[in-house]
Protein chains: 2
Amino acid sequence: MQNFHHTNDCPIRDILTRIGEKWPMLVLVTLHANGTMRFSDIQKSIADISQRMLTVTLRNLETDGLVSRKVYPEVPPRVEYKLTVTGQSLIPHIDALVGWALEHMPDILSRRKSRTA
Amino acid sequence: MQNFHHTNDCPIRDILTRIGEKWPMLVLVTLHANGTMRFSDIQKSIADISQRMLTVTLRNLETDGLVSRKVYPEVPPRVEYKLTVTGQSLIPHIDALVGWALEHMPDILSRRKSRTA
DNA sequence: CGGGATCCGTGCCGATACTG
DNA sequence: CAGTATCGGCACGGATCCCG
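Starting afresh in each chain, residues are numbered from 1 along the sequence in its written order. Labels follow written order: the first chain is A, the first ligand is 1, and so on. Whole-chain, interface and lining totals are the exception, using all residues; otherwise, since this is a predicted model, local features are given only for residues with pLDDT of at least 70 and side-chain atom pairs are given and counted only at 80 or more. With hydrogens and water set aside, each side-chain value is computed from the structure's full complement of heavy atoms.

A.B. asks: Got a minute to help me understand the overall build of chain A in this structure?
C.D. replies: In DSSP terms, a helix is any run of H or I states spanning at least four residues, a strand is any run of E spanning at least two, and both are numbered starting from the N terminus. Scanning chain A from terminus to terminus reveals five helices and three strands. Its helices and strands in sequence order give chain A the pattern α-α-β-α-α-β-β-α, from N to C terminus. Reported as C-alpha extents along the three principal axes, the dimensions of chain A are approximately 55 × 35 × 25 Å. Any residue under 20% of the maximum accessible area for its type is buried, any over 50% is exposed, and the rest in between are partly exposed; the area is computed with a 1.4 Å probe on protein chains only. When the 117 residues of chain A are sorted by exposure, 42% land in the buried category. We call two residues contacting when some pair of their heavy atoms lies within 4.5 Å. At a minimum sequence separation of 6, the contacts of chain A that also span at least 24 residues come to 44%. Values of accessible area rely on a 1.4 Å probe in the Shrake-Rupley scheme; residue burial ignores everything except the protein chains shown. As displayed, chain A offers around 6200 Å² of accessible surface, 53% of which is attributable to carbon and sulfur atoms.

A.B. asks: It is not clear to me how the pairing of strand β3 (residues 78–83) of chain A should be interpreted in this structure. Could you clarify?
C.D. replies: Residues and elements named next belong to chain A. Sheet topology note: the strand β1 (residues 37–38)/β3 ladder contains two bridges and is antiparallel. Bridge assignment links Arg38 to a residue of β3, and that residue is Glu80. Pairing between two strands requires that DSSP report at least two bridges joining them. Here six bridges tie strand β2 (residues 67–72) to β3, and the two strands are oriented antiparallel to one another. Bridged to Lys70 within β3 is Glu80. Connecting β2 to the next strand, β3, in antiparallel fashion are five residues.

A.B. asks: Which parts of the structure should I look at to understand the relation of the copies chain A and chain B?
C.D. replies: What connects the two chain copies is a rotation about an axis and a shift along it. Superposition of the copies was done by least squares, using only C-alpha atoms of residues whose pLDDT is at least 70 in both. Overlay of chain A on chain B (RMSD 0.0 Å): rotation 180°, translation along the axis 0.0 Å. In symmetry terms, the pair is related by a two-fold rotation axis. Considering only C-alpha atoms, the residue of chain A closest to the rotation axis is A:Gly20, which sits at 2.0 Å. Residue by residue, 100% of the interface of chain A is reproduced at the interface of chain B, so both copies engage with the same surface.

A.B. asks: So what exactly am I meant to see when it comes to the protein's contact with DNA strand D here?
C.D. replies: By convention in this text, a residue qualifies as near a molecule or strand provided that one of its non-hydrogen atoms is within 4 Å of it. The full set close to DNA strand D counts 18 residues, and A:Lys22, B:Ser40, B:Gln51, B:Arg69 and B:Tyr81 are the nearest of them. Each atom of DNA strand D within 4 Å of the protein belongs either to a base or to sugar and phosphate, the latter forming 59%. Contacts described as polar in this section are N or O atom pairs within 3.5 Å, which, within protein, must combine one atom able to donate a hydrogen with one able to accept it, while residues neighboring in sequence count only if both atoms come from side chains. Residue A:Trp23 places a side-chain N or O atom 3.5 Å away from a phosphate oxygen belonging to DNA strand D. For DNA strand D, a phosphate oxygen lies 3.0 Å from a polar atom in the side chain of B:Arg38. Among the secondary structure elements, those contributing two or more residues to the surface near DNA strand D are α4 (51–63) of chain A together with α3 (39–45), α4 (51–63) and β3 (78–83) of chain B. When residues of the surface near DNA strand D are assigned to their parent elements, the largest contribution, four residues, is made by α4(B). For the surface near DNA strand D, the per-class residue count stands at eight nonpolar, three polar and seven charged. Each residue gets one of three labels, nonpolar for Ala, Val, Leu, Ile, Met, Phe, Trp, Tyr, Cys and Pro, charged for Asp, Glu, Lys and Arg, and polar for the others, Gly among them.

This is the structure we're talking about:
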């Protein structure tokens, strides 16, 4: 019997610590779809994200090297975000999950409803 | 500017409701690696999952149609779980994420440490 | 404009005890 | 063996206020 889910050093647990959170995937695909974006543009694109959570999410993605941040020393300030090469390398896998969801979620959602009823 | 992350009917949010949780992906890859498994075997394979969380996770995956459950009317009871066809169709995408993690997580983890310091 | 700091509620998840 | 039931902690994330 295979058992490779060590508590430490498990790739699935590693990746869940980031993409398992609520906003990172949405931010990544938004940046991929639009290229370089300002903070306020991302916020408008993901209508219901709070200012705080967008800041936190972008900081985490920047720390992980998936998103780059460029500050223009202007008044009023301008800050632009875009995917790094590493960030772009994750996009195809997210797209694959999205494709899977588009194909299977209708059935799954109906199953959840009938189980609730 | 593209904006396709509707609060409702968004495939990314849909899929996060399941794989964003702590255990489902681990259970899916465990079942894929070992085929049909008994409850106690899954629990031994994922050492630190509690009995409660394994039960909850399996019930959710069963409701979603990703895992099938078969009860043998014996004493002591025996229950076997395995992936459905739909569940198997998700495996390649999880594997892709795992492959990405194996390639990039060492760098990401070192970035997180240096940011903490 | 793009944050930072703080407070706080909700729900995921863990621990424990009990059962057919 | 394979659950179910209950309690409670804790961290994710929302709301609000303030700043350069």
